[in-house]
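For reference, the chains in residue letters:
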Amino acid sequence: MKKKALLLMSLAAVLCGLVSCNKTGLDPDATEPTGFYVLNNGSWGGNDASVSRFDITDKTCSPNAFLAANNRALGDLGQDMIRFQNYLVFAVNGSKKVFITDESLKIKVEISFDYSGLGELSPRYLCCTDKKIYVSLYEGYVCEINPADLSKRYAKVGPNPEGIAVCNGKLFVANSGGYNYPEYNNTVSVVDIESFKEEKTLTVNCNPNLMARNGNHIYLTSFGNYADIPAKLQHIDALSLEVSDLDYKNPSYIALEDSKLYVLCGGYDADFNPLPGTVLIHDAAANKALGGLMKDGTNFPMAYSLSACGGYVWVGCSDYKTNGDVYVVDAIAGSLYHKFDCKGLNPIKVLR
């Protein structure tokens, strides 16, 4: 018992130091980083999620960086990763874990979610403020993690929540109802962060999925029902809570940087294989379309995911069977900068 208490105290001390960092999370004397992290989703039950490192200068990709740092695999289904100050946070859905690591990917904290006798819950997507981390849990909850003392708060939301966003003291949660096929859910839960309780639900397109937030604008993708209800991109005004449709055909993924929302459009074939994708740009501050990203004619076969960071747009492509490819696009020029083998299966996110 004494050893356990000492361990908890040491973990809390590490993360108290984390919270006291400046809000950008970057050492003001640090050099500009050149590396990018590639989260490879892996396959269901395959225990083959991984993290690769890509160097933008010499265009090299190094596999299994998480494994090398920890002498253990990331686990089953790496779903999401975000930056929290100068730490990285990973949600591993199948393994039911969230990891907080340093820049070298060395694990600082491993978190599981066992609430109200339900057993371990399954993390999906992440977001954060400068002091708290939020994670959606597929069994119908969201969790707030306080890294200073590792305490947690849970809120009940709709079925099978996916993407989340925090804005103006509210947490917005996309309730997919993915386990209820073909009767998907069509709501977004609005959780008051102070009380940490759901205070309202918004009606959206069915099977909502990803969220991105810019100021008081929240953008939401939904898959529809893969039949008579098509996929949509919608806008939620975080102040009025009004929901409106945006005119994009077959949107499947979104990514945000510098008030530009990048929208991957392409959809899936009858066997749920991703179709060739195109990327469009939406002004996320003015909420208006800006046209296509690519000026050199590049499209993206088997487009699987989309990320935006470091002045580049990253399109992950996958056949679900072999290592995926990542296309790196210069966001200003709208031209292909590089394409590389990500050294893992199903590249789902790139982060600097």
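Parameters at a glance
- Residues numbered from 1 in each chain as written.
- Predicted model: local features only at pLDDT ≥ 70, side-chain atom pairs only at ≥ 80, totals over all residues.
- Heavy atoms only, no water.
- Pairing = 2+ DSSP bridges.
- Helix = DSSP H or I, 4+ residues; strand = E, 2+ residues; numbered from the N terminus.
- Axes fitted to C-alpha atoms, helices over the stretch in contact; angles between N-to-C directions.
- Contact = heavy atoms within 4.5 Å.
- Polar contact = N/O pair within 3.5 Å; in protein donor to acceptor, adjacent residues only side chain to side chain.
- 1 Å grid on protein atoms, 1.4 Å probe; cavity = no way out; pocket = protein on both sides within 12 Å on 5 of 7 lines; lining within 4 Å.
- Points joined across faces, edges and corners; volume = space filled by probe spheres on them.

Visitor: What is the right way to read the sheet that holds strand E5 (residues 87-92) from this model?
Guide: Remark on secondary structure: sheet strands pair via backbone hydrogen bonds, oriented parallel or antiparallel. Strand order in the open sheet made by the four strands is E4-E5-E6-E7, with antiparallel pairing throughout. Edge positions in the sheet fall to strand E4 (78-84) and strand E7 (107-111), since each has one partner strand and no second. Direction aside, neighbouring strands of the sheet carry axes that sit 20° apart on average. Relative to E5, E4 is paired through six bridges, and the arrangement is antiparallel. Considered in E5, the bridge of Ile82 is made with Val89.

Visitor: Help me understand the environment of Asp296, please; the structure alone is not making it clear to me.
Guide: Within the secondary structure, Asp296 is located in the loop between strand E23 (288-292) and strand E24 (303-309). Leaving out residues up to four positions away in the same chain, Asp296 has contacts with Gly334, Ser335 and Leu336. At a separation of 2.9 Å, a polar atom in the side chain of Asp296 contacts the side chain of Thr298. In terms of polar contacts, Asp296 uses its side chain to reach the backbone amide nitrogen of Leu336, at 2.8 Å.

Visitor: Which parts of the structure should I look at to understand the layout of surface pockets?
Guide: A water-sized probe, rolled over the atoms, reveals where empty space remains. The computed volume of the second largest pocket comes to approximately 1100 Å³. Lining the second largest pocket are 34 residues, with Gln79, Arg124, Glu162, Phe223 and Tyr226 sitting closest to its centre. Of all elements in the fold, only strand E8 (123-128), strand E16 (208-214) and strand E20 (251-257) reach the threshold of two or more residues within the lining of the second largest pocket.

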